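# Commentary on secondary and tertiary structure
Residues per chain, in single letters:
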Amino acid sequence: MKSTFIYFLFFAFLLSSGSAIATPTLPELADKPAAKYKTAKVLVEDCPRKEKYCKGRRQWDDGSSYEGEFKYGEPHGWGTFNWMDGAIFIGEFKDGLRAGHGQQTFGNGDTYAGEWKLGYMHGKGVYDWVDGSKYVGTFVRGKMEGKGILTLPNGESYDGEWKNGLADGSGEFSKVDGSNHLGKYKTGKRHGSGIISWRNGDIFIGKWKNGNMNKKGTFQFNNGDKYYCIWEEGEMTGEATYIHVNGREFNGDPHSIERAIEDDEELKEAIGPNLGLTWYAIALEYMEKRDFSKAKENFNYAKRYIAPSSELNKLIHQQMKIINKHQDDDL
C-alpha cells in the first residue's frame, strides 16, 4: 500500500466559553508508502502483480486486508480496505492511494464521507466525530480548509472560512448564550473587525486581537443607549463614555456609571440591564484569558442587574461551574 492509513486521534478542545472555537482535531493520514506493507507477510494474494487489471483479495498477517480492483498489484479502482483496529475504507483507489470518492470509518467510530486525493481527505466532504461534532465543507490534504460549517455537541457552530484546520478568514460563530460573532478570524480566534449581536437586540461593534477585544469598541443597546469604550487585550480601560437615550453622559468604567446613578432609581432601572450585559461581556474576556478569578468577579457584578429567572443568569451559573472546576483542579 502507498498510504500508511495510520491515524493518531486526539481532541484538543479549547475553552468554549471564550472567543476561541473549540475545534476537534482530525486524524493524520500520511501519503507515503507504509514500510510494514513492504515487509509484512502476505497470507492471501489472488491477484497477480503482473496483471494490469484484476479483481481479488490481499490479506496481511496483522489482520489487515483489501478486497477490490487492482492494477499491477496496487489497489486501483473500487475496493474495501480493513484494518485490524476495526477501521474500514470503502471507495475508490488510484495507484494504491485513496482517491476519488469514499467513506472511511475510523477505529474510534469517527466517519468521513467525501472526496479524496493522494490518500488524503481532499475536496468536499462530511466529517462526523463520535462526540457529536460535525464538519460539512472542504478539505485540503486532510485538513479543514476553504469554506465549511463546524457544529459542536453543545449546539455552537462556526460557518465560514478555514485554513490548516482552524477558523481563518471571514466567518460567523454562534454561541450557546444566543450571541453571534460575525467578523474576522485567525488561527481559530477572533482577530480583526467584528460584530457581536445578542438575542435581545444589543450589539457590540469592535476589533479583536488574538481572540481578545482590543482598541475602540461600542455597545449599542436595544433601548437606544450607547457605550463607547477602549479595550487593551481583553480588558476595558477607564476611557469610556456612556450616553443615555435622554442625552445624559457618564464617563468611565461600569463602576463609575454605577456610582453616578446610585441615587436615581429611574436611571438604574433603565441602565441596569445594559450594565449587566457589559459586566457579562467583560467576564467572558477574562474567561478567554483563563483568568478565572476576575471572570468570577465580573459575573457576580452582572448578576446584580440580571433577573434570577433570566436566560443570561442561567448561562452565568454554567460559567461559574466551569470556573469552580478549574479552580478546584488548580488546588
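Residues numbered from 1 in each chain as written. Predicted model: local features only at pLDDT ≥ 70, side-chain atom pairs only at ≥ 80, totals over all residues. Heavy atoms only, no water.

## With respect to the overall build of the chain
Secondary structure summary: the chain contains five helices and 19 strands in total. By residue count, 45% of the 331 residues in the chain fall in the buried class. Expressed as a percentage of contacts within the chain between residues at least 6 apart in sequence, the contacts between residues at least 24 apart total 28%. Total accessible area computed for the chain in this model is approximately 16,300 Å², and 51% of it derives from carbon and sulfur atoms. (Helix = DSSP H or I, 4+ residues; strand = E, 2+ residues; numbered from the N terminus. Buried < 20%, exposed > 50% of the residue type's maximum accessible area, 1.4 Å probe, protein only. Contact = heavy atoms within 4.5 Å. Areas by Shrake-Rupley, 256 points an atom, 1.4 Å probe, with all protein chains shown as cover.)

## Considerations on the pairing of strand β9 (residues 134-140)
Relative to β9, strand β8 (residues 120-128) is paired through six bridges, and the arrangement is antiparallel. The partner of Asp-128 across the bridge, within β9, is Lys-134. Between β8 and the antiparallel strand that follows it, β9, lie five residues; Gly-132 among them carries a positive phi value of about 105 degrees. When β9 meets strand β10 (residues 143-151), the two strands line up antiparallel, connected through six bridges. When the bridges of β10 are listed, Gly-137 appears paired with Gly-148. Here β9 folds back onto β10, and the loop between the two strands holds two residues, one of which, Arg-141, carries a positive phi near 50 degrees. (Pairing = 2+ DSSP bridges.)

## Thoughts on the pairing of strand β12 (residues 166-174)
Both strand β11 (residues 157-163) and β12 contribute to a ladder of six bridges, which runs antiparallel. Pairing of Ser-157 across the sheet is with Ser-174, part of β12. Between the end of β11 and the start of β12, which pair antiparallel, lie two residues, with Asn-164 showing a positive phi angle near 55 degrees. Bridge count for β12 against strand β13 (residues 180-186) is six bridges, and the pairing is antiparallel. Along β13, the bridge assignment pairs Gly-171 with Gly-183. Hairpin remark: β12 followed by β13, antiparallel, with five residues in the connecting loop; positive phi at Gly-178, about 85 degrees.

## Topic: the environment of Ile-88
Positionally, Ile-88 belongs in strand β5 (residues 88-94). Along the chain, Ile-88 and Phe-106 lie 18 residues apart, while their C-alpha atoms are 6.6 Å from each other. Ignoring any residue separated from it by four or fewer positions in sequence, one finds Ile-88 in contact with Thr-80, Phe-81, Asn-82, Trp-83, Gln-103, Gln-104 and Thr-105.

## Focus: the nonpolar core
With 39 residues, the main nonpolar core has Phe-204, Phe-219, Tyr-227, Trp-231, Ile-271, Tyr-280 and Phe-299 as its most contacted residues. Every element with two or more residues in this core is listed here: β15 (203-209), β16 (212-220), β17 (226-232), β18 (235-243), α2 (254-261), α3 (265-288), α4 (292-303) and α5 (311-329). Apart from residues no more than four positions distant in its own chain, Phe-299 is found in contact with Tyr-280, Ala-283, Leu-284, Met-287, Ile-316, Gln-319, Met-320 and Ile-323. (Core = buried A, V, L, I, M, F, W, Y, C linked by side-chain atoms within 4.5 Å.)

## What about the pattern of salt bridges?
Considering all chains together, one arrives at 10 salt bridges under this definition. For the salt bridge of Glu-45 with Arg-49, the shortest nitrogen-to-oxygen distance reads 3.1 Å. As a salt-bridge pair, Glu-258 and Arg-304 come within 2.6 Å of each other at their nearest N and O atoms. Of the two residues, Glu-258 sits in helix α2 while Arg-304 sits in the loop between α4 and α5, which places them 46 residues apart along the sequence. Judged by its relative accessible area of 12%, Glu-258 falls in the buried class. Among the charged side chains, a network of salt bridges with common partners joins Glu-45, Arg-49 and Arg-58. (Salt bridge = Lys/Arg side-chain N within 4 Å of Asp/Glu carboxyl O.)

## What about the confidence of the model for the chain?
In the predicted model, the chain carries a mean pLDDT of 86, and 89% of its residues have values of at least 70. Confidence, read as mean pLDDT per element, is least for helix α1 (residues 35-39) in the chain (48) and greatest for β9 (97). This model gives residues 30-36 a pLDDT under 50, and the stretch forms 20 contacts once residues within four places in sequence are excluded. (pLDDT = per-residue confidence, 0-100.)

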